[in-house]
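# Examining the three-dimensional arrangement
Chain by chain, the residues run as shown.
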Amino acid sequence: MRAKRQYLFIDFEFSMPERNVRVKDFFAEIIEVGIVAVVDDQIIEQFSSYVTPLKFPKLSERCKSFLHITQQQVDSGLSFYDFIRKLEEFNKINLETMIVTWGNMDMKVLRHNCLQAGVKFPFHAVELDLSMEYKRFFGDQNQTGLWKAVQEYGKEGTGRHHRALDDALTTYNIFKLVEKDKRYLEKPKPTTIGDRVDFSKLLNEFA
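How each quantity is defined
- Residues numbered from 1 in each chain as written.
- Predicted model: local features only at pLDDT ≥ 70, side-chain atom pairs only at ≥ 80, totals over all residues.
- Heavy atoms only, no water.
- Core = buried A, V, L, I, M, F, W, Y, C linked by side-chain atoms within 4.5 Å.
- Buried < 20%, exposed > 50% of the residue type's maximum accessible area, 1.4 Å probe, protein only.
- Helix = DSSP H or I, 4+ residues; strand = E, 2+ residues; numbered from the N terminus.
- Arc of directions from axis to C-beta.
- Contact = heavy atoms within 4.5 Å.
- Polar contact = N/O pair within 3.5 Å; in protein donor to acceptor, adjacent residues only side chain to side chain.
- Pairing = 2+ DSSP bridges.
- Axes fitted to C-alpha atoms, helices over the stretch in contact; angles between N-to-C directions.

## Section: the nonpolar core
- Counting residues in hydrophobic clusters, the biggest one holds 23 residues, and the most contacted among them are Phe12, Phe83, Leu110 and Phe123.
- Those elements giving two or more residues to this core turn out to be strand S1 (4-14), strand S2 (30-39), helix H3 (80-88) and helix H4 (105-117).
- For this core, the element with the highest residue contribution is H4, accounting for 5 residues.

Printed below as a string of structure tokens:
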């Protein structure tokens, strides 16, 4: 029997430096996480938290203004190590897991943050960049932003853009729309002779 699949729709928000200010050895750190876990088309868990940056704990003014996140929120967030432990809880022995993100930055930054902190990457999962799927599916020249993509479907994003859980939910909603379109465009299987002939009528003719 084929193992059930768990989909994890993940979005992270990152720290960023001030514009035109060089900070020695600066790198982006995860400061907010949003995860939507889905099994059998049902949301089984939603998780949202701020995360305290390890290396550069003081947020830039640009970061606070752009993301509408306060210093106090990240200061009272999960430590990076507790955050990693939480991510590990999403590895389910009885479920194949696929991580779905919009763009490839989320997993890149997570891997880099783990490397810097000296901890193991927490997931055992296949990874899917939905923005590339979307680009290939619609034949777009350029990658589309998350909320622009959902608006192209005539929908609106969930909640507020650049809030991690809202963006994770919006990613899940686009995933469902793209999957529905894919199924719609799949060629139907050719009908068999049995599908084309109404045998009850045929037998009546010979009765």
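## A closer look at H3
- Considered for burial, the residues of H3 that qualify are Phe80, Phe83, Ile84, Lys86 and Leu87. For H3, the buried positions fall inside an angular range of 160° around the axis, keeping them on one side.
- Buried-residue contacts for H3 involve S1, S2, strand S3 (42-50) and H4.

## A few points about the side chain of threonine 170
- You can see threonine 170 is positioned in helix H7 (residues 164-185).
- For threonine 170, a relative accessible area of 1% gives the class buried.
- Within the local environment of threonine 170, its side chain forms a polar contact with the backbone oxygen of aspartate 166, the two atoms lying 2.9 Å apart.

## Comments concerning the sheet that holds strand S5 (residues 126-129)
- Reading across the sheet, the 5 strands line up as S3-S2-S1-S4-S5 and stay open at both edges, with mixed pairing between neighbours. Two strands in the sheet have a free side with no partner beyond their single neighbour: S3 and S5. Each strand axis lies, on average, 20° off the axis of its neighbour in the sheet, ignoring direction.
- Pairing of S1 with strand S4 (residues 95-101), which is carried by 6 bridges, proceeds in the parallel orientation. Bridging across to S4, phenylalanine 9 finds its partner in valine 100.
- Contacts between H3 and the sheet are confined to S1, S2 and S3, with S2 contributing the most and set at about 10° to the helix.

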